[in-house]
Structure formats: C-alpha cells, structure tokens
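Notes for the structure review
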Amino acid sequence: GKVELHGKQLEIEHSVPKKQRSRKIQIRNIPPQLRWEVLDGLLAQYGTVENCEQVNTDSETAVVNVTYANREQTRQAIMKLNGHQLENHALKVSYIPDEQSVPGPENPLRLLVPTQYVGAIIGKEGATIRNITKQTQSKIDVHRKENAGAAEKAISIHSTPEGCSAACKMILEIMQKEAKDTKTADEVPLKILAHNNFVGRLIGKEGRNLKKVEQDTETKITISSLQDLTLYNPERTITVKGSIENCCKAEQEIMKKVREAYENDVAAMSLQSHLIPGLNLAAVGLFPASSKAVPPPPSSVSGAAPYSSFMPSLPSLQPPEQETVHVFIPARAVGAIIGKKGQHIKQLSRFASASIKIAPPETPDSKVRMVVITGPPEAQFKAQGRIYGKLKEENFFGPKEEVKLETHIRVPASAAGRVIGKGGKTVNELQNLTAAEVVVPRDQTPDENEQVIVKIIGHFYASQMAQRKIRDILAQVKQQHQKGQSGQTQARRK
C-alpha cells in the first residue's frame with residue numbers, strides 16, 4: 001500500500017504474497033508490562049477478534065498472533081497498528097500466511113534427469129516449463145546450479161500427488177522425444193529421489209512391497225545402494241524402466257508409499273518434538289533439504305503413531321536419557337577432530353550439546369582412538385554425524401569410500417540376550433534392517449556396572465538406526481523389569 005507522510009509517498013512492502021494474505025496477523029514489540037485488557041481494547045477497535053494467542057519468544061517484548069473475523073478488518077488493523085506507539089514501544093505488525101491456503105505437508109516429488117535434457121524441459125525462455133506448471137498447477141524447481149558438471153540434475157515438483165504425477169508424465173514425454181530427436185538414447189528411465197528414511201518401507205520386508213509395485217506396473221525397479229549415501233546427501237535414487245505409461249503408474253505407487261512413510265514420521269515427530277523441545281528436524285538432517293521446514297502434522301492423525309526410526313521412544317515428560325557411546329576413529333584423525341587449540345572439539349560439543357572426550361591411546365601404536373560421547377539421543381545424532389562428516393571432508397576415507405566406523409554401546413549384561421534374540425534372531429533382523437553390522441561378543445566378563453559391550457559397525461545412518469533400535473530394546477527390557485518389580489510388591493502385600 002502507499003501512505004503519504006509529510007508530503008512524501010511511502011511504499012509498504014507486504015512480505016506475504018497477496019493470495020496468501022489472510023485474516024491472521026502477528027504483532028511484535030509489545031511492551032512486556034502492558035495489561036492484556038489494554039491490548040484487547042486496542043485490537044477490538046478494528047473488528048471482531050476471533051483469536052489472540054501469545055507467542056513464546058526470546059525477546060523482552062511480547063508477541064501475539066491475532067485472527068480477525070474477515071480480511072478487511074485485518075487490513076484496517078495492519079494499517080492502523082503498524083508503528084502505533086504504546087508506552088514508548090512502536091508496534092510492528094505483519095501478515096501471517098493462512099495455513100489453509102498453503103498445501104499440506106511438503107514432500108515434493110524429486111526427479112533426477114540427464115543434464116542434456118534440461119534445456120528441452122525448460123524450453124525457449126522457459127516456455128515449456130511454464131506450460132507444465134500451469135497445466136499441472138505445480139511449482140517446479142530445476143536445480144541447475146547444483147552439482148556443476150554432474151551428468152544429472154534434480155528437479156523438485158511441489159503440488160498435489162495428482163499434480164506431481166501429471167508433471168512427471170509431461171517431463172518424461174519431453175525427455176523421450178528429445179532422446180529420439182537427438183538419437184542419444186532408446187529409452188530414458190524415470191529416476192526418483194527419495195530420502196533414505198523412507199526407502200526401507202518402500203522396499204518392504206524381503207523386498208515384498210517393491211516386487212508388488214514392479215508386478216502391478218510391469219516395470220523394472222532398482223534402488224541405489226546404501227553405500228552411496230553421505231550425511232550431506234541422504235537421498236537414494238529409484239530407477240524405473242518400462243513404457244512411459246507404466247513408469248507413471250509406478251511413480252504413483254512409489255510416491256504413495258513414500259508420502260505415507262513421511263506423514264507417519266511427521267506425526268511421530270510432532271509427538272516427539274514436544275518431548276524434545278527445540279528439536280529442529282532440518283538441523284539433524286531427518287528430512288530432505290528440499291522441504292523448507294517440518295510441516296505441521298496432517299490433521300487426520302490422532303493418537304500415537306509409529307515413531308521414526310531415528311527418534312527414541314521417550315516415556316512422556318521425562319527428560320531424554322543421557323546416553324554414552326564410544327566411537328572409534330583412525331588415530332591419525334585425532335588432530336582434525338580436536339582442531340587448533342581444541343577449537344573444533346569445543347564447537348562440536350556446543351553444536352551438539354554433548355560432552356565429547358577423546359580417550360588416551362590403549363597402546364602407543366594403536367591404530368584407532370576412542371571418542372566418548374555423552375548426551376541425549378539428539379545430541380548423539382548431531383555429534384556422531386559431524387564426526388563422520390569431518391572424517392570424510394578431511395579425506396581420511398577415499399572419495400569413493402563411505403565412512404564406516406565402529407561404535408560401542410554398553411548394555412546391562414542381563415539384557416544382552418534380548419539384543420541377540422533366540423538363536424541370534426534379533427541381532428540378524430537388526431543387521432538386515434539397518435545394514436549395519438551388530439556384534440555382541442560372546443564370553444564377555446561384565447564390567448563393574450554389570451554391563452557388556454555391543455559393537456556396531458556401519459556408515460552413519462546405518463549405525464544411528466542400529467543404536468536407536470538397540471536403545472528401544474533396552475527401554476522395553478527396563479519397562480518390563482519395572483513392571484515385574486511392582487507386580488512382585490503387590491503380590492507380597494496380598
């Protein structure tokens with residue numbers, strides 16, 4: 001809008017696009033000692049306030065979100081209240097986008113396309129891609145700048161599932177035509193990128209889900225190996241071969257599974273995240289970098305959902321348990337982890353909110369050194385992730401080599417059998433599910449705390465998953481033990 005002030009025209013920029021302007025505004029910089037009735041009286045001058053809630057902030061001043069009965073009232077309030085002086089504080093007011101007008105959870109369809117076809121997909125001055133976005137009502141990002149020189153580029157399609165599928169079909173058709181016209185290939189396979197967290201559920205037990213999709217859609221589907229994952233690229237490539245029509249059917253089936261897995265995790269996470277305050281899922285790398293933030297849970301979710309494989313199941317309202325993990329790193333990498341004058345290890349400790357100590361070498365010529373990490377699950381995830389990342393960056397592992405480390409966790413000797421399972425069943429399942437090697441050495445003498453070691457060897461995601469699963473088993477054992485004890489005391493009372 002434009003406002004005249006002392007004869008000069010002022011332009012006001014609205015940071016929320018017009019379509020999404022809503023009945024909801026945020027008012028910041030409210031004097032902390034202001035009485036609520038004063039604020040209520042002020043807000044009521046511009047219309048009917050349907051809702052007014054205070055937002056928790058770090059600042060001294062207060063912040064509220066206000067919803068008016070209609071957009072016109074909201075517009076009046078913004079015009080009159082922005083800059084309004086209250087007890088020497090100038091109020092700051094802005095629109096909050098309406099949740100209703102923003103599509104549901106953000107889990108875009110990500111395709112990987114050969115770089116040589118990107119020009120055809122975009123078209124002359126962007127005409128082709130504009131046509132696709134218009135026809136399928138989607139927002140499409142071609143990540144041309146990323147991975148310079150790579151043979152393939154990622155494309156993210158943001159839309160409804162139907163919109164994503166329609167855009168996917170159009171893109172496949174363009175590539176097929178281009179391949180034929182330039183005689184570069186006989187067929188262009190469909191390649192979908194999906195976050196590793198969801199791929200296990202897509203494949204299913206013993207590959208059942210994936211086989212079913214292949215049979216139902218008459219396609220051949222392969223998935224890139226876990227070995228290609230890094231902390232910075234948690235996505236796996238799902239390659240689908242078949243006719244365009246069949247590839248499109250497969251895309252719908254694959255993404256249906258991926259979206260289900262995603263929504264289950266989000267629901268579980270929102271249950272978890274209020275148990276672990278300030279858990280920023282983007283920061284711990286649980287969601288693809290392409291989803292800007294963690295969406296609100298789908299409203300249909302009620303009650304508990306299966307929690308994501310990385311997050312521990314926490315008994316409600318107890319602070320997350322402190323865990324101690326021993327990670328073994330190459331002895332020659334110790335300097336890099338410690339950093340100049342200990343700077344790196346200090347920063348790492350702060351970033352992860354964990355205690356990180358490096359134990360002295362066991363023998364003068366030990367090839368590995370033990371890093372002792374103590375902190376709750378989230379801190380473990382962050383600290384271990386950064387250590388893996390650092391070893392890769394500093395080239396302690398070859399460019400084609402995945403960083404694999406050995407990690408030990410101590411478990412009560414009485415619970416070791418549960419980790420192993422009958423005839424080794426549990427430990428085998430653990431290994432199949434997580435792709436990490438899990439070893440409970442036999443004939444261990446328990447230490448002074450009656451604990452024995454479980455060894456986990458694998459790359460970052462595999463190791464994290466195995467650690468979480470083992471902690472879950474331990475939590476169950478502990479719960480059953482406590483129940484058992486309370487059961488005995490009641491029995492005695494009778």
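Everything below is about the structure printed above this text.
What comes next is a walk through the structure. As the structure is a prediction and not an experimental result, all values here were calculated from the model.

The next subject is the overall build of the protein chain. Scanning the protein chain for helices and strands turns up 14 helices and 20 strands. The contacts of the protein chain with a sequence gap of at least 6 include a subset with a gap of at least 24, amounting to 68%. Entry remark: accessible area of the protein chain is about 27,800 Å², with carbon and sulfur atoms responsible for 51%.

What follows is about helix α5 (residues 161-181). When the terminal C-alpha atoms of α5 are compared, their 30 Å separation across 21 residues agrees well with the 30 Å that a helix rising 1.5 Å per residue should span. Gly163, Cys164, Ser165, Ala167, Cys168, Met170, Ile171, Leu172, Ile174, Met175 and Ala179 are the residues of α5 that are buried. Once α5 ends, the next one or two residues include Lys183, with phi positive near 50°.

Pairs may arise between side chains of opposite charge once their charged atoms sit close together. With the rule as written, the count across this model stands at 16 salt bridges. A salt bridge links Lys191 to Glu152, with the shortest nitrogen-to-oxygen separation between them at 2.9 Å. Residue Lys191 is located in strand β12 (residues 190-195), and its partner Glu152 is located in strand β11 (residues 152-158); the two are separated by 39 residues in the primary sequence. Judged by relative accessible area, Glu152 falls into the partly exposed class, the value being 25%. As a salt-bridge pair, Glu173 and Lys169 come within 3.7 Å of each other at their nearest N and O atoms. In this pair, Glu173 and Lys169 are both assigned in helix α5, four residues apart and thus about one turn of the helix distant.

Our next topic: the packing of aromatic side chains. As enumerated under the stated definition, the model contains three aromatic pairs in all. Centroid distance Phe198 to Tyr262: 5.7 Å. Interplanar angle 90°. Geometry classified as edge-to-face. Note that Phe198 is positioned in helix α6 (residues 196-203) and Tyr262 in helix α8 (residues 244-273), a separation of 64 residues in sequence. In this structure, Phe198 and Tyr262 share a single accessibility class: buried. Plain terms: the ring middles of Phe381 and Phe460 are 5.1 Å apart, the flat faces sit at 75° to each other, and that makes the pair edge-to-face. In this pair, Phe381 sits in helix α11 (residues 377-393) while Phe460 sits in helix α14 (residues 460-493), placing the two residues 79 residues apart along the sequence.

With antiparallel pairing, the six strands of this open sheet are ordered in space as β10-β11-β9-β12-β14-β13. Sheet topology places β10 (139-142) and β13 (220-223) at the edges, where each strand pairs with a single neighbour. Along the sheet, successive strands turn relative to each other by an average axial angle of 25°, direction set aside. When strand β9 (residues 109-114) meets β12, the two strands line up antiparallel, connected through two bridges. For Arg110, the partnering residue across the bridge sits in β12 and is Leu193. Its contacts with the sheet place α5 against β9, β10, β11 and β12, and it is angled at close to 5° to β9. Across the sheet, α6 touches β12, β13 and β14 (235-241), and the angle it forms with β12 is around 115°.

Here we come to the packing of helix α10 (residues 343-352) against α11. Relative to each other, α10 and α11 sit at 145°, their axes nearing to 8 Å. The handedness of the crossing between α10 and α11 is right-handed. Contact with α10, carried on its side by His344, Leu348, Phe351 and Ala352, involves Ala379, Lys382, Ala383, Arg386, Ile387 and Lys390 of α11 and no other residues of that element. A class-by-class count of the residues in the contact of α10 with α11 yields six nonpolar, one polar and three charged.

What follows covers the nonpolar core. Residues Ile329, Ile387, Leu391, Leu405 and Ile470 are the most contacted members of the largest nonpolar core, which totals 47 residues. Residues contacting Leu391, with those up to four places away along its chain left out, are Ile329, Pro330, Ala333, Ile337, Phe396, Phe397, Val403 and Leu405. With 41 residues, the next largest nonpolar core counts Val113, Phe198, Val258 and Tyr262 among its residues.

Before going further, it helps to examine unusual backbone geometry. Within the chain, Glu125 stands out as a residue other than glycine whose phi angle is a positive 50°. Note that Glu125 resides in the loop between α3 (118-122) and α4 (127-136). Backbone geometry places Glu450, a non-glycine residue, at a positive phi of 60°. With respect to the helices, strands and loops of the structure, Glu450 is situated in the loop between β19 (437-439) and β20 (451-458). Classification of Glu450 by relative accessible area gives exposed; the value is 52%.

Turning our eyes to something else, we now look at the packing of α4 against α5. Running from N to C, α4 and α5 point in directions that differ by 150°, and their axes come no closer than 9 Å. Here α4 lies roughly antiparallel to α5, going by the angle between them. Here the hand of the crossing between α4 and α5 comes out right-handed. Residues Thr128, Asn131, Ile132, Gln135 and Thr136 of α4 lie in contact with α5, whose contacting residues are Gly163, Ala166, Ala167, Met170, Ile171 and Ile174. Per-class residue counts for the contact of α4 with α5 are six nonpolar, five polar and no charged.

Attention now moves to the side chain of His158. Following the sequence through the fold, His158 ends up in strand β11. Taking the relative accessible area as the measure of exposure, His158 reaches 13% and is therefore buried. In terms of polar contacts, His158 uses its side chain to reach the side chain of Asp141, at 3.4 Å.

Right, let's get into the environment of Glu162. The residue Glu162 is located in helix α5 in this model. For Glu162, a relative accessible area of 60% puts it in the exposed group.

Here we take up the state of the cysteines. One pass over the full model with this rule turns up zero disulfides. With no disulfide partner, Cys168 has as its closest neighbouring cysteine sulfur the one in Cys248, 5.0 Å distant.

One open sheet holds the six strands; their spatial order is β16-β17-β15-β18-β20-β19, and the pairing between them is antiparallel. Each having just a single partner strand, β16 (355-358) and β19 make up the two edges of the open sheet. Strand after strand, the sheet turns through a mean of 25° between neighbouring axes, direction not considered. Bridging between strand β15 (residues 323-330) and strand β18 (residues 405-412) involves three bridges; their strand directions are antiparallel. When the bridges of β18 are listed, Phe328 appears paired with Glu406.

The rules we used
- Residues numbered from 1 in each chain as written.
- Predicted model: local features only at pLDDT ≥ 70, side-chain atom pairs only at ≥ 80, totals over all residues.
- Heavy atoms only, no water.
- Helix = DSSP H or I, 4+ residues; strand = E, 2+ residues; numbered from the N terminus.
- Contact = heavy atoms within 4.5 Å.
- Areas by Shrake-Rupley, 256 points an atom, 1.4 Å probe, with all protein chains shown as cover.
- Expected span 1.5 Å × (residues − 1).
- Buried < 20%, exposed > 50% of the residue type's maximum accessible area, 1.4 Å probe, protein only.
- Salt bridge = Lys/Arg side-chain N within 4 Å of Asp/Glu carboxyl O.
- Phe/Tyr/Trp six-rings, centres within 6.5 Å; stacked < 30°, edge-to-face > 60°.
- Pairing = 2+ DSSP bridges.
- Axes fitted to C-alpha atoms, helices over the stretch in contact; angles between N-to-C directions.
- Left-handed = near helix turned anticlockwise from the far one by under 90°.
- Nonpolar A, V, L, I, M, F, W, Y, C, P; charged D, E, K, R; others polar.
- Core = buried A, V, L, I, M, F, W, Y, C linked by side-chain atoms within 4.5 Å.
- Parallel < 35°, antiparallel > 145°, perpendicular 65-115°, else oblique.
- Polar contact = N/O pair within 3.5 Å; in protein donor to acceptor, adjacent residues only side chain to side chain.
- Disulfide = S-S within 2.5 Å.

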